[in-house]
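Listed below, chain by chain, are the residues.
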Amino acid sequence: MKSFLSYIFGLVAIMAALAITIHSHLLWPSIALVVALLWLCASLYVRIDHLRYAYRETEKENERLHTRLAEAERQLQYLRQLTENVDTALFVCSTDGHIDWMNHAAKELAAGNSLPDTILQAIANHAEVVDGCALSTILLRIDGQRRLVVALKDVSALMQRQEMEAWQQLIRVLTHEIMNSLTPIISISETLKAENEAFSVINRRCHSLLDFVESYRQLTRIKAPEWTTFPVSELFDHITGLYPQVQTQGGGQLTADRSQLEQVLINLVKNAYESGATEVELSMQPLPSLKGGAGGGSSIRVRDNGCGMPADVLDHAFIPFFTTKPTGTGIGLSLCRQIILKHGGTITVDSQEGEGTTFTIKL
């Protein structure tokens with residue numbers, strides 16, 4: 001700016017001197033001043049052209065900066081939506097557990113402004129799993145301070161699915177081998193049972209064993225859900241048609257395999273009455289959506305006032321073959337869990353001995 005002003009002052013000075021020399025009829029000084037004036041004008045033109053070029057380059061650079069800034073803003077918004085709506089709990093905290101930032105999923109686990117003691121203890125012990133969640137941590141330096149990025153992913157559903165697949169494989173092998181052995185025995189005993197009572201006993205026991213094996217084969221034959229959307233009231237009406245004393249609450253629409261879901265609820269209600277319950281309640285309510293509208297779903301509860309389950313029974317409730325009933329097969333709850341897992345949901349149980357049991361299905 002100063003150099004540009006000096007050009008202007010030089011032009012004014014030369015023009016003033018030229019006017020004086022012309023007025024005084026001084027030829028050579030006038031010619032020299034004209035040459036100097038032309039040189040100064042040319043220099044000023046070159047200077048202005050450089051300024052125009054610099055201005056155009058500045059405009060282009062500003063456009064590039066605006067484009068990069070807009071892209072960075074889009075990526076930031078995407079990252080915010082991603083971290084807020086994932087079902088993985090994310091924390092950024094100091095090394096002593098004080099939380100600086102957490103996403104929506106983490107707020108359900110946080111104890112005030114600090115990480116829960118169980119998580120801190122797991123981090124200190126370099127544990128990879130805590131309370132059914134996979135734990136991972138990264139130590140970063142932010143603004144010169146050490147910060148922990150803690151991620152907690154609920155893997156209980158995955159572990160249940162893998163456990164159920166292992167049981168299915170075991171049952172498939174066992175039933176195959178048993179059926180291969182039973183088939184010729186039944187065939188021979190059918191031929192010989194008329195001649196000897198012992199063969200009649202063998203035949204009856206073989207058929208009983210065959211029925212027993214067939215009941216377990218159900219665990220390996222569950223079809224993929226046939227998805228339909230239907231009113232919850234129709235589902236509940238079917239249950240109350242079989243068990244009129246069941247109380248129902250809630251409504252709305254539900255997307256699932258209606259037949260399979262009915263099978264689950266009938267089994268749970270049947271178990272409730274067999275446990276001595278006099279009151280059974282079916283209820284459905286929507287699950288809260290995550291920030292931004294993602295997530296949500298439905299929660300179905302089956303609550304009873306039966307005898308409840310002791311802790312040792314509760315821990316084994318969904319394990320195949322486990323039963324406390326004298327004539328039970330131990331596949332009812334396992335079948336329920338497998339159906340819900342195929343729907344991409346979860347089923348949990350909360351029970352107090354002598355107070356009742358509540359099954360919660362989240363879809």
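Conventions used here
Residues numbered from 1 in each chain as written. Predicted model: local features only at pLDDT ≥ 70, side-chain atom pairs only at ≥ 80, totals over all residues. Heavy atoms only, no water. Helix = DSSP H or I, 4+ residues; strand = E, 2+ residues; numbered from the N terminus. Buried < 20%, exposed > 50% of the residue type's maximum accessible area, 1.4 Å probe, protein only. Contact = heavy atoms within 4.5 Å. Areas by Shrake-Rupley, 256 points an atom, 1.4 Å probe, with all protein chains shown as cover. Arc of directions from axis to C-beta. Core = buried A, V, L, I, M, F, W, Y, C linked by side-chain atoms within 4.5 Å. pLDDT = per-residue confidence, 0-100. Pairing = 2+ DSSP bridges. Axes fitted to C-alpha atoms, helices over the stretch in contact; angles between N-to-C directions. Phe/Tyr/Trp six-rings, centres within 6.5 Å; stacked < 30°, edge-to-face > 60°. Lys NZ or Arg CZ within 6 Å of the ring centre and 35° of its normal.

Describe the overall build of the protein, with residues and values.
Check the secondary structure of the protein and you find ten helices and twelve strands. Expressed as a percentage of the 363 residues in the protein, the buried residues total 33%. Counting only contacts in the protein whose residues sit at least 6 apart along the sequence, the fraction spanning at least 24 positions is 56%. Accessible surface computed for the protein: about 22400 Å², of which carbon and sulfur atoms make up 59%.

Account for helix α4 (residues 117–124), naming residues and giving values.
Along α4, the residues classified as buried are I119, A122 and I123. Projection of α4 onto a plane perpendicular to its axis shows the buried side chains occupying an angular sector of 100°, all on one side. Opposite the buried face of α4, by more than 90 degrees, sit the exposed residues D117 and A124. Buried-residue contacts for α4 involve β3 (129–130), β4 (133–142) and β5 (145–154). Of the residues trailing α4, H126 is marked for its positive phi of about 60°.

Please set out the nonpolar core residue by residue, giving values where relevant.
Residues L268 and F359 are the most contacted members of the largest nonpolar core, which totals 36 residues. Those elements giving two or more residues to this core turn out to be α7 (232–242), β8 (253–256), α8 (258–274), β9 (280–286), β10 (298–304), α10 (332–342), β11 (346–352) and β12 (356–362). At seven residues, α8 tops the list of elements feeding residues into this core. Look past the residues within four positions of L268 in its chain and what remains in contact with it is V302, L333, C336, I347, F359 and I361.

Any details on the confidence of the model for the protein? Residues and values, ideally.
Model confidence for the protein is summarised by a mean pLDDT of 76, while 65% of its residues fall at 70 or above. Every residue in residues 290–294 scores below 50 in pLDDT, and together they form ten contacts with partners more than four places removed in sequence or on other chains.

Would you mind going over the sheet that holds strand β2 (residues 99–102) in detail, with residue names and values included?
The strand order across the open sheet formed by five strands is β2-β1-β5-β4-β3, and the pairing between neighbours is antiparallel. Each edge of the sheet is formed by a strand with only one pairing partner; in this case those strands are β2 and β3. Strand direction decides the pairing type here: β4 and β5, joined by ten bridges, are antiparallel. Pairing of I138 across the sheet is with V149, part of β5. Running at roughly 75° to β4, α4 makes contact with β3, β4 and β5 of the sheet.

Give a detailed account of the environment of Q263, specifying residues and quantitative values.
The residue Q263 is located in helix α8 in this model. Since its relative accessible area comes to 39%, Q263 is described here as partly exposed. In sequence terms Q263 and G332 are 69 residues apart; their C-alpha atoms lie 9.9 Å from each other.

If you had to explain the environment of I339 to someone new, which residues and values would you point to?
Within the fold, I339 resides in helix α10. Owing to a relative accessible area of 3%, I339 belongs among the buried residues under this scheme. I339 sits 75 residues away from V264 along the chain, and the two C-alpha atoms are 7.6 Å apart. Each residue touching I339, except ones within four places of it in the same chain, is listed here: I222, Q260, Q263 and V264.

Could you give me a rundown of the packing of aromatic side chains, with the residues and numbers involved?
A complete count under the given rule lists one aromatic pair for this structure. Both rings, one in Y243 and one in Y273, keep their centres 5.7 Å apart while their planes meet at 20°; by these two values the pair is stacked. In this pair, Y243 is assigned in the loop between α7 and β7 (247–249) and Y273 in helix α8, connecting sequence segments 30 residues apart. The ring of F230 has R258 sitting right over it, with the charged end atom 5.8 Å from the ring centre.

Tell me about the environment of H238, residues and numbers included.
Looking at the secondary structure, you find H238 in helix α7. As for H238 and I266, which are separated by 28 residues in sequence, their C-alpha atoms are 9.4 Å apart. Apart from the residues lying within four places of it in its own chain, the contact partners of H238 are E262 and I266.

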